[in-house]
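These are the residues of each chain, in order.
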Amino acid sequence: MTTGSLSGVPSWARLPRRHVPVLATLALLLVMYGIGVSQYRAFSNVQVVFNVFIDNGFLLVIAVGMTFVILTGGIDLSVGSVAAMTAMVSAWLLQSGLPALPVLVIALLIGPTLGFLMGCAIHFFDIQPFIVTLAGMFFARGMCTFISNASIPITDGFWTTMSQYRIGDPRGNFVSVSVLVAFAVVLVAAYVLAYTRLGRNVYAIGGNPQSALLMGLPLGRTRIAVYTISGLCAAIGGILLSFYTLSGAPLIGVGMELDVIAAVVIGGTVLTGGSGYVFGTVLGVLVLGVIQTLITFDGGLNSWWTKIVIGGLLFAFILLQRLIGIRYK
Amino acid sequence: MSDNHRFRALLGHRLFWPVAVLVVMLAANTAYRPGFLSIEVNNGHLYGTPIDILRLSAPLILVALGMTLVISTGGIDLSVGSICAISGAIACLYISKAPDQNDLGMVLTALAMALGVALVLGAWNGVLVSIIGIQPIIATLILMVAGRGLAQLVTAGQIITINSDPYRAIGLGHFLTLPLAIFIALGAALLVAAVTRRTALGMIIESVGGNREASRLAGIRSSRVVFLVYVVSAGCAAIAGFMMTANVSSADGNAAGLWVELDAILAVVIGGTSLAGGRFYLSGTILGALIIQTLTTSVYAMNISPQTALLFKAVVVIAVCLIQAPAFRAKFRRRRRGTPTRQPSPPQRQKEEVTA
């Protein structure tokens, strides 16, 4: 489905409305990049684009998980804290002398476990996702400081290699390992959503839970699955974050869940669920990244303009979704 | 039999569990620190931990009051924290530029101006939700993200420090031996309660939350009601913002009111108001706010870092939500008694996560 939005006229002609938000995001991204290139000579450097990916690889992975949750009509506020907790636990375990492999396994298990528990609470006890994941967010963030009040540096060989390894072309442009991991996650997620039973169930439940249930689709299993997936993505994001910063800090990624939600919405996924693509989410993350790059290049603008611009874009895209009326109640 | 019945009625009362949690917390605190509940008179003012809890919970009570009304219409207002920051920043900026910071008239002008801006922001939220018809969580997310930026824009990224006695009084002043903040919060609570419970307005709000379309067909101007609750919520947030900045005599666009929206939502939920809308309990909300503040204060008192307090908050949130969740209660009841004498009320069908 993600490729469908790009590949050909037929599917686009059949379902124009579904693709309008993604195409609008793509257009916006190109316009923003065009502005950057026309204003600053260094902006046309390929490495600028690569840097956007390098700086936002972890955000991309987390946003992919959030896309699953939002497609079912839920929301996961815990992702930023879970990512921080994953980085924190990794740093702490490495510091206490555990080898890299078991640390990686343990760190990658925490997120999905928490996600699974939250999914169960949401499904079996009928508590709103908003509240359950809010508690999850508090829990994970509390665990961060419970482990340590200060930032823990990572000196482990595997981690530093992963952090510094450059995959480049002969002209000196490079990407980090995180970017490859992020791309792998994006591809797997796009495949799952477009071609598997789970993906179909996710769209069906987001479209109309009652109908999905009547059709015999496994409502509970799917709902629990998406929160587990989101937790897994947050955990992978946390690992990438620890590659990026080479430390675990208790206050890292505060408010990241909002950036992630903003990226998903700007990427054209409708928050009532049922409509959206992983490809759109990639574009949404890129839009956020390019805004930040533009503001850094400008130098005169302060960082708070990022927030104001993101707010403005959110408004514009929500208005667009509203105007073309895709499944908005 | 009658006693048993009365006990069950008490147990089923919607305020029973919040009160029980609060009492347990206070008892645990007293056990840990015997002087916890003592109040002393100093300089004609009352001092003591319970007074502190009341004073510090005042901003949260204000925000949560507005949030209760918003949630009862089936909405949610994520922007209150940003509105706190913006209103505090504007008031402090105006005061910091004044020649005489202790001029009462000038302070009142600053407050009126900041309140005016907050009401405009509330109206913006209201228009997005009621007229354009955007999902509340998203409509207010816009201002939550952009509002922080705006607050930092107002303060130019600095922390504005002021030295104004009338302004400080909002947070730290005393009236009738008690902190002024308590009276402001109490006044706001009584005002909201009087307007919603002594007139039909409360029921109108609940009917809009229950089914907006149906109440519109019944002759209620639904859009106008929805619009109004967001304006009221922003107004409450603005006053809370004054208190927060007055407490520290400075405005920090980045930190003022951070996460207060989440605390406010928790207070509302703990108080028994469903996030699906259609019912609201102001007394429950106030209790919820007190529980959250008591928890925070007691965690601080045990020398645990503020961030770790979140861990305890998470546990309390889940506990209270589980206790109140009809599905959880039904499961629990079925397990305890093979054949229930009185059928537990069927789990309320939640509206399909419109709010979520």
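Residues numbered from 1 in each chain as written. Chains lettered and ligands numbered in written order. Predicted model: local features only at pLDDT ≥ 70, side-chain atom pairs only at ≥ 80, totals over all residues. Heavy atoms only, no water.

## Topic: the overall build of chain B
Regarding its fold elements, chain B presents 15 helices and six strands. At 21 Å, chain B has a C-alpha radius of gyration in line with the 21 Å of a compact globule built from 356 residues. A principal-axis box enclosing the C-alpha atoms of chain B has dimensions of 75 × 55 × 35 Å. Across the 356 residues in chain B, those meeting the buried criterion constitute 52%. A fraction of 75% describes how many contacts in chain B between residues 6 or more apart in sequence connect residues 24 or more apart. Carbon and sulfur atoms form 65% of the exposed surface of chain B, whose accessible area is close to 15600 Å². Across chain B, the mean location of the 26 positive side-chain charges is 15 Å away from that of the 14 negative side-chain charges. (Helix = DSSP H or I, 4+ residues; strand = E, 2+ residues; numbered from the N terminus. Rg over C-alpha atoms; globule rule 2.2 N^0.38 Å. Buried < 20%, exposed > 50% of the residue type's maximum accessible area, 1.4 Å probe, protein only. Contact = heavy atoms within 4.5 Å. Areas by Shrake-Rupley, 256 points an atom, 1.4 Å probe, with all protein chains shown as cover. Lys, Arg positive; Asp, Glu negative; His and termini not counted. Charge placed at Lys NZ, Arg CZ, Asp CG, Glu CD.)

## Thoughts on the pattern of salt bridges
Residue and element names in this part refer to chain B. Scanning the entire structure with this criterion turns up four salt bridges over all chains. For the salt bridge of R197 with E206, the shortest nitrogen-to-oxygen distance reads 3.3 Å. What makes E206 buried here is its relative accessible area of 12%. (Salt bridge = Lys/Arg side-chain N within 4 Å of Asp/Glu carboxyl O.)

## As for a nonpolar patch on the surface
Taken together, the side chains of L301, W305 and V309 of chain A together with L153 of chain B define a hydrophobic patch exposed on the protein surface, amounting to about 290 Å² of accessible area. The topology assignment puts V309 of chain A in helix 15 (residues 304–324). (Patch = residues over 30% accessible without salt bridge, like charges linked within 9 Å, V, L, I, M, F, W, Y side chains within 5 Å.)

## Some words on the packing of aromatic side chains
Scanning the model with the defined rule gives 11 aromatic pairs over all chains in all. A ring pair is formed by W159 of chain A and F243 of chain A, whose centres lie 5.6 Å apart and whose planes are at 65°; its orientation type is edge-to-face. Separated by 84 residues along the polypeptide, W159 of chain A in helix 8 (residues 157–164) and F243 of chain A in helix 12 (residues 219–245) bring together distant segments of the chain. The class for F243 of chain A is buried, based on a relative accessible area of 5%. Taking 4.8 Å as the distance between ring centres and 50° as the angle between the ring planes, the aromatic pair formed by F315 of chain A and W124 of chain B counts as tilted. (Phe/Tyr/Trp six-rings, centres within 6.5 Å; stacked < 30°, edge-to-face > 60°.)

## Considering helix 9 (residues 177–195) of chain A
Between its first and last C-alpha, helix 9 of chain A extends 27 Å over 19 residues, near the 27 Å set by a 1.5 Å rise per residue. Turning to helix 9 of chain A, its buried residues number three or more, namely V177, S178, V179, A182, V185, V186, A189, A190, V192, L193 and A194 of chain A. (Expected span 1.5 Å × (residues − 1).)

## Examining the environment of S148 of chain A
Residues and elements named next belong to chain A. Structurally, the position occupied by S148 is in the loop between helix 7 (129–147) and strand 1 (152–153). Setting aside residues no more than four positions away along its own chain, S148 makes contact with M88 and P250. A distance of 2.8 Å separates the side chain of S148 from the backbone oxygen of A150, its partner in a polar contact. (Polar contact = N/O pair within 3.5 Å; in protein donor to acceptor, adjacent residues only side chain to side chain.)

## Points about the interface of chain A and chain B
When the parts of a complex come together, some accessible area is lost, and that lost area is often taken as the interface size. Contacts between the two partners involve 47 residues from chain A, matched on the other side by 52 residues from chain B. Between chain A and chain B, the buried area comes to about 4400 Å², and carbon and sulfur atoms account for 76% of it. The tally of links from chain A across to chain B stands at zero salt bridges. If you look at where chain A meets chain B, you find one residue pair in polar contact (both at pLDDT 80 or more). At the level of elements, helix 6 (100–125), helix 7, helix 11 (209–214), helix 13 (256–266) and helix 15 of chain A are the ones that each hand at least two residues to the side of chain A that touches chain B. (Buried area = accessible area lost by both parts, 1.4 Å probe.)

## Comments concerning the state of the cysteines
Residue and element names in this part refer to chain B. All told, the structure shown has zero disulfides over all chains when counted by the stated rule. Cysteine C92 is unpaired, with the sulfur of C84 as its nearest cysteine sulfur at 13 Å. For C92, a relative accessible area of 0% translates into the label buried. (Disulfide = S-S within 2.5 Å.)

## Regarding the side chain of Q293 of chain B
Residues and elements named next belong to chain B. In this fold, Q293 is placed in helix 13 (residues 282–301). Looking at Q293, the relative accessible area reads 13%, which means it is buried. With residues up to four places along the chain from it excluded, the contact list for Q293 reads I53, L56 and S57.

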